[in-house]
Amino acid sequence: QVQLAESGGGLVQAGGSLRLSCAASGSIFSVNDMGWYRQAPGKQRELVASISTSGRFDYTDSVKGRFTISRDNAKNTVYLQMNSLKPEDTAVYYCKARLTATSGNSNDYWGQGTQVTVSS
C-alpha cells in the first residue's frame with residue numbers, strides 16, 4: 001500500500017511563512033513527478049507548483065517569487081516553502097505524486113490535504 005502524508009499547514013498572518021511537507025511511504029519502487037495543488041472554497045483545485053525527478057520545477061504565476069518547491073529523493077518527500085503569504089493563498093493544499101509501486105503499477109496518489117489560512 002502506498003500513501004502520501006502531508007504536514008505543516010496552519011494559521012499565519014499576511015506576510016508570514018509556512019513550510020509544507022509531504023512524504024510518500026509504503027511499497028514504493030520509484031517516485032516520479034511531485035506537486036502541490038490547492039483548493040479554495042468555491043473554486044476549482046489548481047496546480048501551485050511541480051517538480052520533476054531531475055529537479056525541474058514550475059509555478060503558477062500567482063506564487064512565483066514567493067513559493068519554492070523542493071524534494072528530497074532519499075526521503076521520498078516534497079516540500080513547499082511559502083513566503084510573503086497573502087490572504088488569497090488561503091486554501092486546502094494537497095500534494096500529488098506519481099508513484100511506481102513495487103508491484104510495477106504506476107499511479108497518481110494524493111495526500112489528504114492540509115489547511116493553510118492567511119489572515120489579513
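Above: the structure in question.
Chemist: I would appreciate a short explanation of the overall build of the protein chain in the present structure.
Modeler: Across its full length, the protein chain holds zero helices and eleven strands. In the protein chain, the succession of α and β elements from N to C terminus is β-β-β-β-β-β-β-β-β-β-β. A globule of 120 residues ought to have a C-alpha radius of gyration of about 14 Å, and the protein chain, at 14 Å, matches this closely. Each of the three principal axes of the protein chain carries a C-alpha extent, and together these read 45 × 25 × 20 Å. Scored against the burial criterion, the 120 residues of the protein chain give a buried share of 40%. Once local pairs closer than 6 in sequence are excluded, the contacts in the protein chain between residues at least 24 apart make up 55%. Working note: accessible area of the protein chain is about 6,300 Å², and carbon and sulfur atoms make up 45% of it. Put simply, the protein chain has 12 plus and 9 minus side-chain charges, and the middle of one group is 1 Å from the middle of the other.

Chemist: Would you mind showing me how to read the sheet that holds strand 7 (residues 67-72) here?
Modeler: Working definition: the strands of a sheet are paired by backbone hydrogen bonds and lie parallel or antiparallel to each other. If you trace the four strands from one edge of the open sheet to the other, you get 1-3-8-7, paired in antiparallel fashion. Since the sheet does not close on itself, it has two edges, and those belong to strand 1 (2-7) and strand 7, each with one partner. Taking each pair of neighbouring strands and ignoring which way they run, the sheet shows an average axis angle of 15 degrees. Inspection of the sheet shows strand 7 paired to strand 8 (residues 77-82) by six bridges, in the antiparallel sense. Counterpart to T68 in the pairing with strand 8 is Q81.

Chemist: So what exactly am I meant to see when it comes to the state of the cysteines here?
Modeler: As used here, a disulfide is simply a covalent bond connecting the sulfur atoms of two cysteines. Inspection of the entire model under this criterion finds one disulfide. Across a sulfur-sulfur distance of 1.9 Å, C22 and C95 are joined as a disulfide pair. Disulfide C22-C95: the torsion about the S-S bond is 40 degrees, which places it as right-handed. Of this pair, C22 sits in strand 3 (residues 18-26) while C95 sits in strand 9 (residues 91-101), placing them 73 residues apart in sequence. The same class applies to C22 and to C95, which are both buried.

Chemist: What's the story with the pairing of strand 7 in this structure? I'm lost.
Modeler: Side chains on a regular strand alternate between the two faces of the sheet. Side chains of strand 7 alternate between two faces, with F67, I69 and R71 buried and T68, S70 and D72 left unburied. Hairpin connection of strand 7 to strand 8: four residues between the antiparallel strands, including N76 at a positive phi of 50 degrees.

Cut-offs used in this document
- Residues numbered from 1 in each chain as written.
- Predicted model: local features only at pLDDT ≥ 70, side-chain atom pairs only at ≥ 80, totals over all residues.
- Heavy atoms only, no water.
- Helix = DSSP H or I, 4+ residues; strand = E, 2+ residues; numbered from the N terminus.
- Rg over C-alpha atoms; globule rule 2.2 N^0.38 Å.
- Buried < 20%, exposed > 50% of the residue type's maximum accessible area, 1.4 Å probe, protein only.
- Contact = heavy atoms within 4.5 Å.
- Areas by Shrake-Rupley, 256 points an atom, 1.4 Å probe, with all protein chains shown as cover.
- Lys, Arg positive; Asp, Glu negative; His and termini not counted.
- Charge placed at Lys NZ, Arg CZ, Asp CG, Glu CD.
- Pairing = 2+ DSSP bridges.
- Axes fitted to C-alpha atoms, helices over the stretch in contact; angles between N-to-C directions.
- Disulfide = S-S within 2.5 Å.

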